[in-house]
Amino acid sequence: MKILGIDPGTGICGFGVIEVIPGKQTKMLDAGVISTPARTPLPDRLLDIYESLNEIIGGWKPDVIAIEKLFFTKNITTGISVAEARGVVLLCARQAELPIYEYTPNEIKNAMTGYGSANKKQMQEMVKIHLKLSAIPKPDDAADALAVAIICGILITKNPGRR
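Some thoughts on the pairing of strand 4 (residues 64-68)
Reasoning step 1: Of all the five residues making up strand 4, five are buried; the element is thus mostly covered by neighbouring parts of the structure.
Reasoning step 2: Covered by surrounding structure in strand 4 are Val64, Ala66 and Glu68 together with Ile65 and Ile67, the residues of both alternating faces.
Reasoning step 3: In this structure, strand 1 (residues 2-7) lies alongside strand 4, joined through four bridges in parallel fashion. Paired with Leu4 across the two strands is Ile65, which belongs to strand 4.
Reasoning step 4: Strand direction decides the pairing type here: strand 4 and strand 5 (residues 100-103), joined by four bridges, are parallel. Of the residues in strand 5, the one forming a bridge with Ile67 is Glu102.

Right under this line is the structure:
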């Protein structure tokens, strides 16, 4: 099963594609980011994310999409733009008729490290270990997206009906 993990963002939207074969090593197929220029109007940035994500979906043909749920911190303005980017991701998944799995940051951290308050470095190290990579995937947003995909693969394997 191919899983496309997404770490949503307007300026940088991370993605990671993995292949999960029960009983075998999970394999990273691709990872990277969709970057949009800061001074570009938001509708144009969202269109760029939409078009780029559709290319990724068309190229890799994932079986499911896993996305990080929105987590508001102190900056609600940033949270709103991330929510808009997240909406574009959900639209792309629906148009491609792909199942969508959503996880909170704490669910991802807890499943990856056993600790819901793990820091970014701990998470990245676990991604590297889980995928048997020689280095931590860069940039950070790509590693975060891979973590979302890995957790989805683990949870689907353990409980196929959970969303």
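Read on, since the account is not over.
Describing the sheet that holds strand 3 (residues 27-35)
Reasoning step 1: Spatially, 3-2-1-4-5 is the arrangement adopted by the five strands of the open sheet, whose pairing is mixed. For this open sheet the edge positions go to strand 3 and strand 5, each flanked by a neighbour on one side alone. Each strand axis lies, on average, 20° off the axis of its neighbour in the sheet, ignoring direction.
Reasoning step 2: Where helix 1 (residues 42-60) meets the sheet, it contacts strand 1, strand 2 (12-19), strand 3 and strand 4, and its direction lies at approximately 165° from that of strand 3.
Reasoning step 3: Here helix 5 (residues 140-158) sits on the sheet in contact with strand 1, strand 2, strand 3, strand 4 and strand 5, set at roughly 40° to strand 2.

Rules of the game
Residues numbered from 1 in each chain as written. Predicted model: local features only at pLDDT ≥ 70, side-chain atom pairs only at ≥ 80, totals over all residues. Heavy atoms only, no water. Buried < 20%, exposed > 50% of the residue type's maximum accessible area, 1.4 Å probe, protein only. Helix = DSSP H or I, 4+ residues; strand = E, 2+ residues; numbered from the N terminus. Pairing = 2+ DSSP bridges. Axes fitted to C-alpha atoms, helices over the stretch in contact; angles between N-to-C directions. Contact = heavy atoms within 4.5 Å.

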